[in-house]
Amino acid sequence: MMTLTGIPVSGGVALAQFFIYREDVPLDIPRFRIQREIVQVEWDRFCSAVDMARIEIEVARSNTLKENNEILDAHLLMLEDPVFSNQVKDRLEKQLLNIECAVSDTTREIVQKLATSPVEYFRERAMDIADVAQRILRLLLEVKRETLADLTKDVIVIARDILPSDMLTMNKERVKGIALDAGSKTSHAAILAKTFGIPAVVGLSRVTQEALNRQKAGKNEKNTELVFVNGETGEVVFDLSDRIATYKTLVQDFRNYRKKTTEFMVNLPAETLDGRRVTLNANIEIPEGVEQALACGAEGIGLYRSEFLFLTSGQPAEEEAQFNAYCKVIKEMDGRPVTIRTIDIGGDKVISNMVDTVEKNPLLGARAIRFSLAFPEIFKTQLRAILRSSIFGDVRIMFPMISCAVELRRALFFLEEAKDECRKRGQTFAKNIAVGCMIEVPAAAEIADILAEDSAFFSIGTNDLIQYSLAVDRNNELVNYLAQPFHPAVLRFIKKTIDAAHSANIKASMCGELAGDASATALLLGMGLDEFSMAASSIPRIKKVIRTVSMKDCRILAEKVRECKSDQEVKDVLERNKALP
Ligand code: PEP
Ligand code: MG
């Protein structure tokens, strides 16, 4: 057996064949001389490939929303471009090279010229030509690009990283487990894996290389080698040989255990031994997440990451599409609170068609509320859709990445404008919608008392709060070891936020991953946190912890932790006080 260990980010265990997912699999272009007599045959192959490419693009065009057509239209024009095809023909006839080689060499020559042009238009065309040529070459070589959406058999996906948009479109029925080189507990691929209930391990550094080596060495010749992913311990095991039966039993036992615990916990209250009732909400990314949220006993949606609506289509969602998605969630939650966070675009959730500039430091750039304030029409479209949906239930609005009071006030100003626009259109919305902000930037925690003046609630986003307070990129496995939620600085920011909320008589919730981390539950209760929101699958486990502690002990624990000087000291205190699961 060969075991790699990474960061367990989504619980459960899985056993299946592995599938290496690489966005750009380089094509192996054969190069050989041809007889003059078969020039025509090769040319005909080229013409058929171009015809096929045209059909493929037209199909894609008819499945794409209008705004995306521009790129595909450009690709269609490129296919008709006589300059390109004449150069290919010339090479074929004069150099007597096989057609794949003629296409590849011609493309390289054109792309090199265009890519170094000072004119942006030509540089962009270089990418289009490369893209179209790649499509033609794939058709000539009969290489089918397998995407995660096309999976037809059960697999463990192994990759360097998976973009949030690819996670959304993958065939979730078929993905039994995920193992990634990159990532951390709070990277979006990890968060989505948890939402979909797919066992996942990230930060493995060399799992893709290992899988590729095994494939090259012929150990996985027929793609039948099984790999085991343990989302509880972070282990990924290859070379199972005669232990397959044991692992199969393990997977089945775990599934049964999880099902039983969830069913047992779902109807029990989240109440401490001394009677303190705690609200447990779910985080969702897509409307379909509601089903699992309810099945796991969520009392509300504490964080609806609405930007995933935009990520699926790769462009701003239209008002009606947003309205329908919000209504679906709100109606299915049947009167329970639904907190819709306005879009958190930017960072690693980039929609390439929406912004022209490439940011050097996207995590410190026009992300989240900054993006919304920079594009008021997109922002107000979303706010109108939320307002209109509010009549169907208990809707709350939450702004992400607020870093100063002016930002919050500008967001509230646009909300008022959106309300006026709804009124003018005769569209009704609920009165007194609670509007709160996320506390996920250290500056926001420091001025939480000021932000509380304009907020109906706070929700602490520990994923970003940790990232920004400790200067640790949440997607970078090299610095992941520094992302310590129990770092005294992080705990002070959390405490400051909770205290500021209580002084202003508003509630402090937490929707970052720490809220679903059982080792932090007693401490957070002791610090005074009012509500927890987490991946639905974590709810039974957190409820179990809550039901075994008393508020009195939790407060004593929080007092002890307050004295700690390092994250290790905090962990030691938690361990000594049996607060670790
Ligand atoms: C957070 O930052 O903790 C959070 C909940 O938001 P996201 O993970 O979507 O950035
Ligand atoms: Mg965040």
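All of these numbers come straight from a predicted model, not from anything done at the bench.

### Considering the overall build of the chain
Next up, step 1: Tallying secondary structure elements over the chain gives 23 helices and 16 strands in all.
Next up, step 2: Scaling as 2.2 N^0.38, a compact globule of 581 residues should have a C-alpha radius of gyration of about 25 Å, and the chain matches this with 27 Å.
Next up, step 3: Seen through its C-alpha atoms, the chain measures out along the principal axes to roughly 90 × 70 × 40 Å.
Next up, step 4: A total of 581 residues make up the chain; the buried ones form 54% of that total.

### Section: the side chain of Thr521
Next up, step 1: Following the sequence through the fold, Thr521 ends up in helix α20 (residues 521–527).
Next up, step 2: A relative accessible area of 1% means that Thr521 is categorised as buried.
Next up, step 3: For Thr521, the side chain forms a polar contact with the main-chain oxygen of Asp517, separated by 3.5 Å.
Next up, step 4: Apart from residues no more than four positions distant in its own chain, Thr521 is found in contact with Phe532, Ile542, Val545 and Ile546.

### Structural notes on empty space enclosed by the protein
Next up, step 1: Taken as a whole and judged by the stated rule, the model has one cavity of 30 Å³ or more.
Next up, step 2: Reported here for the largest cavity is a volume of approximately 70 Å³.
Next up, step 3: Looking at the lining of the largest cavity, the elements with two or more residues in it are β10 (301–305) and α18 (462–470).
Next up, step 4: In terms of residue class, the lining of the largest cavity is made up of three nonpolar, four polar and eight charged.

### Quick look at the site of ligand 1
Next up, step 1: With respect to spatial proximity, 17 residues lie near ligand 1, and among them Arg305, Arg341, Gly461, Asn463 and Arg474 are the closest.
Next up, step 2: One nitrogen or oxygen atom from the side chain of Arg474 is found 2.8 Å from an oxygen atom belonging to ligand 1.
Next up, step 3: With the chains in place, 100% of the 290 Å² that ligand 1 exposes on its own is no longer accessible.
Next up, step 4: According to the grid-proximity analysis, the pocket containing ligand 1 is the largest cavity.

### Considerations on the coordination of the magnesium ion (ligand 2)
Next up, step 1: At this site the magnesium ion (ligand 2) is bound by Glu440 (OE) and Asp464 (OD), with donor distances of 2.0 to 2.1 Å. Highlighted residues: Glu440 in the loop between β13 (434–439) and α16 (442–446) and Asp464 in helix α18, separated in sequence by 24 residues. Assigned by exposure class, Glu440 and Asp464 land together as buried.

### Re the pattern of salt bridges
Should their charged atoms come close, side chains of opposite charge can pair.
Next up, step 1: Using the criterion set out here, one finds 41 salt bridges in the structure.
Next up, step 2: Among the salt bridges present, the one from Arg174 reaches Asp154, with a minimum N-O distance of 2.9 Å. Of this pair, Arg174 sits in the loop between α6 (164–169) and β5 (175–180) while Asp154 sits in the loop between α5 (120–141) and β4 (155–159), and the two are 20 residues apart along the sequence.
Next up, step 3: Assessed through its relative accessible area of 32%, Asp154 is described here as partly exposed.

### Let's talk about the pairing of strand β12 (residues 394–399)
Next up, step 1: Note: strand β11 (residues 337–341) against β12, five bridges, orientation parallel. Its bridge partner lying in β12, Ile340 is registered against Ile397.
Next up, step 2: Between the parallel pair β12 and β13, the chain is carried across by helix α15 (residues 405–424), and the sense of this crossover is right-handed.

### So, the sheet that holds strand β1 (residues 2–5)
Next up, step 1: Judged by pairing direction, the sheet is mixed, and its eight strands sit side by side in the order β1-β8-β7-β3-β4-β5-β6-β2 without closing on themselves. A strand with exactly one partner marks an edge of an open sheet, and here the two such strands are β1 and β2 (7–10). In this sheet, adjacent strand axes meet at a mean angle of 30 degrees when their direction is disregarded.
Next up, step 2: Of the pairings in the sheet, the one linking β1 to strand β8 (residues 235–238) comprises four bridges and is antiparallel in character. Residue pairing across strands places Thr3 opposite Val237, the latter belonging to β8.
Next up, step 3: Packed on one face of the sheet, helix α7 (residues 188–195) meets β2, β5 and β6 (200–202) and runs near 50 degrees to β2.

### What to know about a nonpolar patch on the surface
Next up, step 1: Where nonpolar side chains cluster on the molecular surface, the patch consists of Met52, Ile55 and Val59 and spans about 260 Å² of accessible area.
Next up, step 2: Positionally, Val59 belongs in helix α1 (residues 39–62).
Next up, step 3: Note on Val59: relative accessible area 44%, which makes it partly exposed.

### Things to note about helix α3 (residues 82–95)
Every α-helix winds through 3.6 residues per turn, so residues three or four apart in the chain are directed the same way.
Next up, step 1: Under the 1.5 Å per step criterion, the end-to-end length of α3 is 19 Å for 14 residues, consistent within 8% with the ideal 20 Å.
Next up, step 2: All of the buried residues along α3 are Phe84, Ser85, Val88, Arg91 and Leu92. Around the axis of α3, the buried residues are gathered within 125 degrees of arc, so they sit on the same side.
Next up, step 3: The opening residue of α3 is Asp81, an N-cap whose side-chain oxygen sits 3.0 Å from the backbone nitrogen of Val83.
Next up, step 4: Positive backbone phi, at 50 degrees, marks Leu96, one or two positions downstream of α3.

### Overview of the sheet that holds strand β15 (residues 507–510)
Next up, step 1: Strand order in the closed barrel formed by eight strands is β9-β10-β11-β12-β13-β14-β15-β16, with parallel pairing between adjacent strands. Each strand of the sheet is rotated relative to its neighbour by a mean of 25 degrees, with strand direction disregarded.
Next up, step 2: Running over the sheet, α15 touches β12 and β13 and is turned about 140 degrees from β12.

### Side note on the packing of helix α12 (residues 319–333) against helix α14 (residues 376–389)
Next up, step 1: Axis separation between α12 and α14 bottoms out at 8 Å; the angle between their running directions is 40 degrees. In this structure, α12 crosses over α14, and the sense of that crossing is right-handed. Counted together, Glu319, Glu320, Gln322, Phe323, Tyr326, Cys327 and Ile330 of α12 and Thr381, Gln382, Arg384, Ala385, Ile386, Arg388 and Ser389 of α14 form the full contact between these two elements.
Next up, step 2: Looking at the contact of α12 with α14, its residues break down into six nonpolar, four polar and four charged.

### Quick notes on the side chain of Thr195
Next up, step 1: Structurally, Thr195 is set in helix α7.
Next up, step 2: Those residues in contact with Thr195 that sit more than four places away from it in its chain are Glu285 and Gln292.

### Quick look at the nonpolar core
Next up, step 1: Within the largest apolar cluster, 105 residues are counted, with the highest numbers of intra-cluster contacts made by Phe399, Phe458, Ile494 and Leu523.
Next up, step 2: Here Phe458 is in contact with Cys437, Ile439, Ala448, Leu451, Ala452, Thr497, Ala500, Ala501, Ile506, Lys507, Ala508 and Ser509, once residues within four sequence places are set aside.

### Section: the environment of Tyr326
Next up, step 1: Within the secondary structure layout, Tyr326 lies in helix α12.
Next up, step 2: Side-chain polar atoms of Tyr326 contact the side chain of Gln382, separated by 2.9 Å.

Reading the values: rules and limits
- Residues numbered from 1 in each chain as written.
- Chains lettered and ligands numbered in written order.
- Predicted model: local features only at pLDDT ≥ 70, side-chain atom pairs only at ≥ 80, totals over all residues.
- Heavy atoms only, no water.
- Helix = DSSP H or I, 4+ residues; strand = E, 2+ residues; numbered from the N terminus.
- Rg over C-alpha atoms; globule rule 2.2 N^0.38 Å.
- Buried < 20%, exposed > 50% of the residue type's maximum accessible area, 1.4 Å probe, protein only.
- Polar contact = N/O pair within 3.5 Å; in protein donor to acceptor, adjacent residues only side chain to side chain.
- Contact = heavy atoms within 4.5 Å.
- 1 Å grid on protein atoms, 1.4 Å probe; cavity = no way out; pocket = protein on both sides within 12 Å on 5 of 7 lines; lining within 4 Å.
- Points joined across faces, edges and corners; volume = space filled by probe spheres on them.
- Nonpolar A, V, L, I, M, F, W, Y, C, P; charged D, E, K, R; others polar.
- Near = heavy atom within 4 Å.
- Areas by Shrake-Rupley, 256 points an atom, 1.4 Å probe, with all protein chains shown as cover.
- Sits in = over half its atoms within 2 Å of the grid points.
- Donors = N, O, S within 2.8 Å, 3.2 Å for Na, K, Ca; no water.
- Salt bridge = Lys/Arg side-chain N within 4 Å of Asp/Glu carboxyl O.
- Pairing = 2+ DSSP bridges.
- Right-handed = clockwise from strand over helix to strand, strands pointing away.
- Axes fitted to C-alpha atoms, helices over the stretch in contact; angles between N-to-C directions.
- Patch = residues over 30% accessible without salt bridge, like charges linked within 9 Å, V, L, I, M, F, W, Y side chains within 5 Å.
- Expected span 1.5 Å × (residues − 1).
- Arc of directions from axis to C-beta.
- Left-handed = near helix turned anticlockwise from the far one by under 90°.
- Core = buried A, V, L, I, M, F, W, Y, C linked by side-chain atoms within 4.5 Å.

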